[in-house]
Protein chains: 2
Amino acid sequence: MSLYAIEIRVTPRRGLLDPQGKAIQHALDSLGFAGVAEVRAGKLLVIELEADSPDEAAARATRMCEKLLANPVTEDFAIEVARDAAQPEAAT
Amino acid sequence: MSLYAIEIRVTPRRGLLDPQGKAIQHALDSLGFAGVAEVRAGKLLVIELEADSPDEAAARATRMCEKLLANPVTEDFAIEVARDAAQPEAAT
């Protein structure tokens, strides 16, 4: 078993209203930041997970997204197994 | 002027309490997902911004984070100028 750091991006689906993004865009405009064409606001989750392989870690993260982390109606998610979270020195 | 897509990750600073991450970790555990060592919950913002160069786009995104998007006391941010958001065909 190794510990994997998994990065999950949950973003509002393209074409659906993103009220949080719109609010941020409006606030940036009010602060004088010009030229902001669009803002999309999503979630970034970093999960440290014990698994036997990167593939198993990614598969379990996908199930987590389907069950809890992403709204299947309004959100998309992407999963990246970023690195071994804690890679012990190789034994000699 | 080109349109750049800038990805901004705002994450709770290491060592500070992350109640949202803890709540997600607890919910995953309740759903039967074992082996979750840690969850950190942050924000992912994708901003489309008109700028003269990637460097200028990154500099303006940094100011946006300092002024509005990240809490300087509790959060870290990272900026990546991901791509030209809409690359017109080069004129011949």
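Everything discussed here concerns the structure shown above.
The structure displayed is predicted, hence computed values, not measured ones. (Residues numbered from 1 in each chain as written. Chains lettered and ligands numbered in written order. Predicted model: local features only at pLDDT ≥ 70, side-chain atom pairs only at ≥ 80, totals over all residues. Heavy atoms only, no water.)

**Q** Tell me about the overall build of chain A, residues and numbers included.
**A** A count of helical and extended segments in chain A gives two helices and three strands. Counted from the first residue to the last, chain A has its helices and strands arranged as β-α-β-α-β. Expected size for 92 residues packed as a compact globule is a radius of gyration near 12 Å; at 18 Å, chain A overshoots this value by more than 25%. Here the C-alpha coordinates of chain A stretch approximately 60 × 30 × 15 Å along the principal axes. Long-range pairs, those at least 24 residues apart, make up 74% of the contacts in chain A between residues at least 6 apart in sequence. Summed over its atoms, the accessible surface of chain A is roughly 5,200 Å², and 53% of this surface lies on carbon and sulfur atoms. (Helix = DSSP H or I, 4+ residues; strand = E, 2+ residues; numbered from the N terminus. Rg over C-alpha atoms; globule rule 2.2 N^0.38 Å. Contact = heavy atoms within 4.5 Å. Areas by Shrake-Rupley, 256 points an atom, 1.4 Å probe, with all protein chains shown as cover.)

**Q** Would you mind going over the interface of chain A and chain B in detail, with residue names and values included?
**A** Taken residue by residue, the interface counts 33 residues in chain A and 33 residues in chain B. A per-residue breakdown of the area chain A buries against chain B is headed by Phe33(A), Leu44(A) and Glu48(A), which together make up 21% of the total. At the boundary of chain A and chain B, one finds four salt bridges. Of the charged contacts in the structure, one is a salt bridge between Arg14(B) and Glu48(A), with a shortest N-O distance of 3.9 Å. (Buried area = accessible area lost by both parts, 1.4 Å probe. Salt bridge = Lys/Arg side-chain N within 4 Å of Asp/Glu carboxyl O.)

**Q** Provide a residue-level description of the pattern of salt bridges, including the pertinent values.
**A** Here the structure, examined in full by the defined rule, presents 14 salt bridges over all chains. In this structure, Arg14(B) and Glu38(B) form a salt bridge, with 3.5 Å as the shortest nitrogen-oxygen distance. Placement of the pair is Arg14(B) in the loop between β1 (2–12) and α1 (19–30) and Glu38(B) in strand β2 (residues 36–51), with a sequence separation of 24 residues. One network of salt bridges, in which partners are shared, links Glu7(A), Arg9(A), Glu7(B) and Arg9(B).

**Q** Any chance you could break down the packing of helix α1 (residues 19–30) of chain A against helix α2 (residues 54–69) of chain B for me, citing the residues and the numbers?
**A** Where α1(A) contacts α2(B), the two axes come as close as 11 Å, and the packing angle between them is 100 degrees. Judged by the angle between their axes, α1(A) and α2(B) are roughly perpendicular. Residue-level inspection shows Ile24(A), Ala27(A) and Leu28(A) of α1(A) in contact with α2(B), the latter providing Met64(B), Leu68(B) and Leu69(B). Within the contact of α1(A) with α2(B), the residues separate by chemical class into six nonpolar, no polar and no charged. (Axes fitted to C-alpha atoms, helices over the stretch in contact; angles between N-to-C directions. Parallel < 35°, antiparallel > 145°, perpendicular 65-115°, else oblique. Nonpolar A, V, L, I, M, F, W, Y, C, P; charged D, E, K, R; others polar.)

Function cannot be read off these values alone, since they describe shape.
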